[in-house]
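# Understanding the architecture of this molecule
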Amino acid sequence: MRIFVDGDAFPNLLKPILFRSIERLSIETFVVSNKPITIGKSKLISYIIVEQGADEADHHIVELAKEGDLVITADIPLADRVIDKNAHAIDHRGELYTVDNIKQYLAMRNLMESIRDTGEITRGPKPFDQKDAHQFANQLHKFLTKHCNIKHT
């Protein structure tokens, strides 16, 4: 299993959490973005800068991700695409996207986009905070425990 990070919107609060997991478990990781992003210096982490463009990083992640890989992203259409490849996706707030729930998330996202397109003003997501980082850390640990054969200590 490898990890792919949709890097352009990756919250700073999550960088040390992810970095510790990568180092502790020796997981090959790719941070894909269209500007320089760093989560830490490690021989296990490759930084890939793609051309500017709305979905360039997403396309690159989908191209590289394979069955069993983990993609960390808040982009629901990207999560849907990697789940179609039998990969896994976790968002920044700790939501594990699955075959069972991704279409519902995608439908809600598309509905809200349609509402905004009519000129309706909707609230965006609440600001990212320490509670969200804690939920991400818990979900990441749970996922890695299951998929990396980690023994509980």
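See above for the structure.
One structure accompanies this document, and this report is about it. (Residues numbered from 1 in each chain as written. Predicted model: local features only at pLDDT ≥ 70, side-chain atom pairs only at ≥ 80, totals over all residues. Heavy atoms only, no water.)

## Details of the sheet that holds strand β1 (residues 3-6)
If you trace the six strands from one edge of the open sheet to the other, you get β3-β2-β1-β4-β5-β6, paired in mixed fashion. Each of the sheet's edge strands pairs with one partner strand only, and the pair in question is β3 (45-49) and β6 (96-97). Here strand β2 (residues 29-33) runs beside β3; their pairing, made up of five bridges, is parallel. Bridging across to β3, Thr29 finds its partner in Ile45. Sheet strands touched by helix α1 (residues 15-25): β1, β2, β3 and β4 (70-72). Its angle to β1, the strand with the most contacts, is close to 165°. Taken strand by strand, helix α2 (residues 56-64) contacts β1, β2, β3 and β4, and its axis lies near 170° from that of β1. (Pairing = 2+ DSSP bridges. Helix = DSSP H or I, 4+ residues; strand = E, 2+ residues; numbered from the N terminus. Contact = heavy atoms within 4.5 Å. Axes fitted to C-alpha atoms, helices over the stretch in contact; angles between N-to-C directions.)

## Observations regarding helix α5 (residues 130-147)
For α5, with 18 residues, the first-to-last C-alpha span of 25 Å sits near the 26 Å given by 1.5 Å per residue. Taken together, the buried positions of α5 are Asp132, Ala133, Phe136, Gln139, Leu140, Phe143, Leu144 and Thr145. Of the surrounding secondary structure, the elements contacted by the buried residues of α5 are α1, β4, β5 (88-90) and β6. Backbone nitrogen of Lys131 and a side-chain oxygen of the N-cap are separated by 3.1 Å at the start of α5; the cap is Asp129. (Expected span 1.5 Å × (residues − 1). Buried < 20%, exposed > 50% of the residue type's maximum accessible area, 1.4 Å probe, protein only. Polar contact = N/O pair within 3.5 Å; in protein donor to acceptor, adjacent residues only side chain to side chain.)

## Some thoughts on α1
For α1, the full list of buried residues reads Lys15, Ile17, Leu18, Ser21 and Ile22. The buried residues of α1 occupy an angular sector of 165° when the element is viewed end-on, so they sit on one face. Across from the buried face of α1, at angles greater than 90 degrees, the exposed residues are Arg20 and Arg24. On the buried face of α1, the contacting elements are β1, β2, β3, β4 and α5. (Arc of directions from axis to C-beta.)

## Observations regarding the environment of Ser21
Note on placement: Ser21 falls in helix α1. Given the relative accessible area of 10%, Ser21 is considered buried. Separated by 68 residues in sequence, Ser21 and Ala89 have C-alpha atoms that sit 16 Å apart. Not counting residues within four places of it along the chain, the set of residues in contact with Ser21 comprises Ser26, Ile27, Leu140 and Leu144.

## Here's the deal with the environment of Asp8
Here Asp8 lies in the loop between β1 and α1. By relative accessible area, which is 26% here, Asp8 ends up partly exposed. Other than its neighbours up to four places away in sequence, Asp8 contacts Val32, Ser33, Asn34, Lys35, Ile37 and Ala57. For Asp8, the side chain forms a polar contact with the main-chain nitrogen of Asn34, separated by 3.0 Å.

## Some points on the pattern of salt bridges
Counted by the stated rule, this structure contains four salt bridges. The closest approach of N and O atoms between Asp69 and Arg2, which form a salt bridge, is 2.8 Å. Of the two residues, Asp69 sits in the loop between α2 and β4 while Arg2 sits in the segment before β1, which places them 67 residues apart along the sequence. Judged by its relative accessible area of 3%, Asp69 is buried. (Salt bridge = Lys/Arg side-chain N within 4 Å of Asp/Glu carboxyl O.)

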